[in-house]
Amino acid sequence: MSVVETPATRRTGGSTPHRASGRATRTRRRRQGSGLPWLLSVPTLLLLAGLLGYPLVRMVVLSFQNMRLRELISGRTPPWVGLDNYTRVLSDSVFWTVVGRTVAFTAVAVIISVVIGLAIALLMRRVAHGVRMLMIVAMMFVWAMPQLVAAQAFRWITDSDFGVLNYLLDMLPGVHYQNHSWFVNPWQGWSVITTLVVWAGIPFLAITLNAGLTQVPKELIEAATVDGATFWQALRNIILPILKPLLTIVTTLSVIWDFGLFTQNWALRDGHPEPEYQTLATYSYTQAFGQSRYSLGSAISVITVLLMLGVMAFYIRQMFKIGEVD
Amino acid sequence: MVATTAAAPAARPRRRVDDGVMTVGRSRAGTIAANTIGVIFSLFMLFPVYWVLNTAFKPPTEVLALTPTFVPTHPTFDNFLSAFKAQYFLQDMLNGLVVTLMAVAGALVVGFLAALAIARFKFFGRKGIILVILAVQLVPFIALLIPLFLMLQRVSLTDSLIGVSITYLVLILPYTVWTLRGFISGIPRELDEAALIDGCTRGQVFWRIILPLTGPGLVATSVYGFIQAWNEFIIINTLNSPAKQNLMAWLLQNQTTRGTAWGPLMAGAIITSIPVVVFFLIIQRNIATGLTAGAVKG
């Protein structure tokens, strides 16, 4: 789930002119054999329905039942409890703290990574060729690194006894960070997690936005320069408006990914995140698999998906709007 | 004002405008600053990667030294050896390969058919299928883990490599369909039509034109599917017992059970990452375009 779920249409793109020409005749012909395309789609649809659609329905059903370990072992239908799980979750202050934390983390992480990503994308156009290559190579390595490996690397770097971060900070005059534990204070712990997420997210953002910057016509910038525009004016009035569709999409994706944070806080806290390090995803998981409260966990998942629904719908609408889906 | 505008075109060839965007306010000092920031940024990005490598080649005494060395003074392969000798490591590597390859192969076959339908046919319900495929990529898989676990348990597919393979197949299927769709629609329809006029059947068009021309796309798609399945650990860790994990899950379990042996852990992390990094660097051109493809009109 880490990198990007991406269509690589652009590489092979360039078929746009064909699409427009002769559509009418083609449409007429293709419509006749409408059985074949369905036949081709059936295996995919069956698999998606069976292993995504059905679990989704089951998740909702489960959230209205009370599934515990006993029902799991005996295989009996768990008792119906109506809205009990929801009232329990929604009236629990711990839950609301987790929601607040997840939202706050998402906001901070997304803003920082998009701003830095954009800055790096702009920087890449300014630096010498060799430096640009160095930046791309560095980012490619980071991008390729599996999430869990990256999390383990950060766990090691921030280790309280032998971590290199404490060693380096300790060298600063007047700073004593020997044996400093980064996860005692949640603010510090979350800074580590946020740094990890931002660090891992920058390559996708910077490289994508850099590709987007090639769309900014030189003439516009030149004209602006001639008219005496400063860099910030050019950025605000020319670059950002042109980049807006792309920025919207990468920001939306970042929101979706960061809101579902699991791997990073899970791994950095040794698979047992303390209450201060729970996000919605880990909270639901811990309730279900740690405490065998499968129904309660499902209710939390349902609420999580509902919270995300707006953003997801926005993303899909955006994909249709820019004509990627044709 | 008029003079300025008139002079501008004449002056343009002399000014070096190699890239349009950042020419505003370009100065020598600014360029030096930009290059410096670029180098510092790259070093910052690379540091964790370097530190993993650095640690993996250190003997235990050097790993647990209060003053860390920035280059191993006595480089050794011991950590890699002990990773290989560690419990379950080879088993997990094999499991990971089996599960990943089965998932990728399945997703490729199934997904290609659907991609063909979406890319080459106009039919009732096409938009609906696209909508489903886009939407399911956004559903957090962890949310579905509870019902999935209960479902697979009912049919005795928990603690089984088959159950995980099927789950991974579905995990990478939407992406596979979506990417292949892009590759197929990149093949000019005129080729199909010419072949049909020359007397090819639909089947021949598929075998002789579409399949060979989608070749690179199939490679890129399967490699990316491989990366996704290889990197997954939450599902397999939840569904299966310790003997049936993959390497990612090994990295996670290794930390909890025996305290942390950082050297072997970093060595294991490198071994685990190698296929992913190599594959990623091969197909990075395809990945970089991203979910965002349409927003960058070339």
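This structure is a prediction, so every number in the text was calculated from the model and none was measured.

What counts and what doesn't
Residues numbered from 1 in each chain as written. Chains lettered and ligands numbered in written order. Predicted model: local features only at pLDDT ≥ 70, side-chain atom pairs only at ≥ 80, totals over all residues. Heavy atoms only, no water. Helix = DSSP H or I, 4+ residues; strand = E, 2+ residues; numbered from the N terminus. Contact = heavy atoms within 4.5 Å. Buried < 20%, exposed > 50% of the residue type's maximum accessible area, 1.4 Å probe, protein only. Salt bridge = Lys/Arg side-chain N within 4 Å of Asp/Glu carboxyl O. Core = buried A, V, L, I, M, F, W, Y, C linked by side-chain atoms within 4.5 Å. Domains from an automatic or database assignment. Expected span 1.5 Å × (residues − 1). Buried area = accessible area lost by both parts, 1.4 Å probe. Polar contact = N/O pair within 3.5 Å; in protein donor to acceptor, adjacent residues only side chain to side chain. Nonpolar A, V, L, I, M, F, W, Y, C, P; charged D, E, K, R; others polar. Axes fitted to C-alpha atoms, helices over the stretch in contact; angles between N-to-C directions. Parallel < 35°, antiparallel > 145°, perpendicular 65-115°, else oblique. Left-handed = near helix turned anticlockwise from the far one by under 90°. Phe/Tyr/Trp six-rings, centres within 6.5 Å; stacked < 30°, edge-to-face > 60°. Lys NZ or Arg CZ within 6 Å of the ring centre and 35° of its normal.

Asker: I tried to follow the overall build of chain B on my own but got confused; where do I start?
Answerer: Secondary structure assignment for chain B yields 14 helices and 0 strands. Walking chain B from its N terminus toward its C terminus, one meets helices and strands in the order α-α-α-α-α-α-α-α-α-α-α-α-α-α. Sequence separation of at least 24 residues holds for 68% of the intrachain contacts in chain B that already meet a minimum separation of 6.

Asker: What should I look at first to understand the overall build of chain A in this one?
Answerer: Regarding its fold elements, chain A presents 16 helices and 0 strands. Looking at chain A as a whole, 52% of its 326 residues qualify as buried. In chain A, the share of contacts with a sequence separation of at least 24, taken over all contacts with a separation of at least 6, comes to 65%.

Asker: Just checking my understanding: could you explain the pattern of salt bridges for this structure?
Answerer: Any two side chains of opposite charge can pair if their charged atoms end up close together. All names here are of chain A. Counted by the stated rule, this structure contains 3 salt bridges over all chains. One salt bridge connects Glu274 with Arg269, and the closest N-O pair in it is separated by 2.8 Å. Assessed through its relative accessible area of 17%, Arg269 is described here as buried.

Asker: Looking at this structure, how should I read the nonpolar core?
Answerer: A general trend in soluble globular proteins is that nonpolar side chains are found buried together. Core analysis: the largest hydrophobic core is formed by 190 residues, its most contacted members being Met135(A), Met139(A), Ile193(A), Tyr168(B) and Ile210(B). It is helix H11 (residues 186-213) of chain A that provides the largest number of residues to this core, a total of 14 residues. Residues from two domains meet in this core; each of domain 1 (28-76) and domain 2 (82-288) of chain B gives at least three. In this view, Met135(A) contacts Ile120(A), Leu123(A), Met124(A), Val127(A), Gly38(B), Phe41(B) and Ser42(B); residues no more than four positions away in its chain are not counted.

Asker: Got a minute to help me understand unusual backbone geometry in this structure?
Answerer: In terms of backbone geometry, most residues other than glycine have negative phi values and most peptide bonds are trans. In this structure, Ser292(A) takes a positive phi of about 55° despite not being glycine. Take Ser292(A): it is sitting in the loop between helix H15 (280-290) and helix H16 (294-321). Ser292(A) gets classed as buried once you look at its relative accessible area, which sits at 14%. For Asp159(B), which is not glycine, the phi dihedral falls at a positive 50°. Here Asp159(B) shows up in the loop between helix H7 (141-154) and helix H8 (161-185).

Asker: Any chance you could explain helix H8 (residues 129-144) of chain A here in plain terms?
Answerer: One full turn of an α-helix is made of 3.6 residues, so residues set three or four places apart face in the same direction. For H8(A), which comprises 16 residues, the first-to-last C-alpha distance of 22 Å matches the rise-based estimate of 22 Å (1.5 Å per residue) to within 8%. If you check which residues of H8(A) are buried, you get Val131(A), Met135(A), Ala138(A), Met139(A), Met140(A), Val142(A), Trp143(A) and Ala144(A).

Asker: Which parts of the structure should I look at to understand the environment of Pro241(A)?
Answerer: Residue and element names in this part refer to chain A. Among the structural elements, Pro241 can be located in helix H13 (residues 231-259). The spatial distance from the C-alpha of Pro241 to the C-alpha of Ser254 is 20 Å, given a sequence separation of 13 residues. Ignoring sequence-local partners within four residues, the contact set of Pro241 consists of Leu235 and Arg236.

Asker: Can you help me understand the domain arrangement of chain B in this one?
Answerer: As a measure of interface size, the accessible area lost when the parts come together is often cited. Residues and elements named next belong to chain B. Each assigned domain of chain B is listed here: domain 1 (28-76) and domain 2 (82-288). Centre-to-centre separation of domain 1 and domain 2, based on C-alpha positions: 33 Å. With 6 residues of domain 1 at the interface, the matching set in domain 2 holds 5 residues. Taking both sides of the interface into account, the surface hidden between domain 1 and domain 2 amounts to around 430 Å²; carbon and sulfur atoms contribute 92%. When the area that domain 1 buries against domain 2 is broken down by residue, the three leading residues are Val52, Thr55 and Ala56, summing to 67%. For the pair domain 1 and domain 2, the number of links is 0 residue pairs in polar contact (both at pLDDT 80 or more). Ranked by residue count, the leading element in the side of domain 1 that touches domain 2 is helix H2 (residues 28-56), at 4 residues. When the residues that make up the side of domain 1 that touches domain 2 are grouped by side-chain class, the tally is 5 nonpolar, 1 polar and no charged.

Asker: Is there a simple way to explain the side chain of Ser41(A) in this structure?
Answerer: Position of Ser41(A) among the secondary structure elements: in helix H4 (residues 35-62). Overall, the relative accessible area of 1% leaves Ser41(A) in the buried class. Aside from chain neighbours lying at most four places away, what touches Ser41(A) is Ala114(B), Ala117(B), Phe123(B) and Ile129(B).

Asker: Mind showing me how you'd approach the packing of H16(A) against helix H6 (residues 126-136) of chain B here?
Answerer: When two helices pack together, their arrangement is given by the angle between the helix axes and by the axis-to-axis distance. Interhelical geometry of H16(A) versus H6(B) gives an angle of 130° and a closest axis separation of 10 Å. Considered as vectors, H16(A) and H6(B) are oriented oblique to each other. The two elements H16(A) and H6(B) meet at a crossing, and its hand is right-handed. The residues of H6(B) that touch H16(A), namely those facing Ile316(A), Met319(A) and Phe320(A), are Lys127(B), Ile130(B), Leu131(B), Leu134(B) and Ala135(B). Among the residues forming the contact of H16(A) with H6(B), the class breakdown is 7 nonpolar, no polar and 1 charged.

Asker: Sorry if this is basic, but what is going on with the side chain of Asn265(A) here?
Answerer: Residue and element names in this part refer to chain A. As for its position among the elements, Asn265 is in helix H14 (residues 263-268). Exposure remark for Asn265: the relative accessible area of 0% places this residue in the buried category. Excluding residues that lie within four positions of it along the chain, Asn265 makes contacts with Trp190, Ile193, Pro273, Tyr277, Gln278, Thr279 and Thr282.

Asker: I would appreciate a short explanation of the packing of aromatic side chains in the present structure.
Answerer: Two numbers describe a pair of aromatic rings. These are the distance of the centres and the angle of the planes. Applying the stated criterion to the full structure yields 35 aromatic pairs over all chains. Judged by centre distance (5.4 Å) and plane angle (45°), the rings of Phe64(A) and Tyr86(A) are tilted. You can see Phe64(A) sitting in the loop between H4 and helix H5 (69-74) and its partner Tyr86(A) sitting in helix H6 (residues 84-90), a full 22 residues away along the chain. Judged by relative accessible area, Phe64(A) falls into the partly exposed class, the value being 28%. Residue Tyr86(A) is classed as buried on the basis of its relative accessible area of 12%. Between Tyr167(A) and Phe70(B) the ring centres are 6.3 Å apart and the planes differ by 45°, which places this aromatic pair in the tilted class. With one member in each of two chains, Tyr167(A) in helix H10 (residues 164-171) and Phe70(B) in the loop between helix H3 (60-63) and helix H4 (78-85) form a pair that bridges those chains. Residue class for Tyr167(A) comes out partly exposed when judged on its relative accessible area of 22%. Classification of Phe70(B) by relative accessible area gives partly exposed; the value is 31%. Grouping aromatic residues by their ring pairs yields a cluster made of Phe262(A), Trp266(A), Tyr285(A), Phe289(A), Tyr294(A) and Phe149(B). Sitting over the ring of Tyr277(A), Arg269(A) keeps its end group 5.5 Å from the ring centre.

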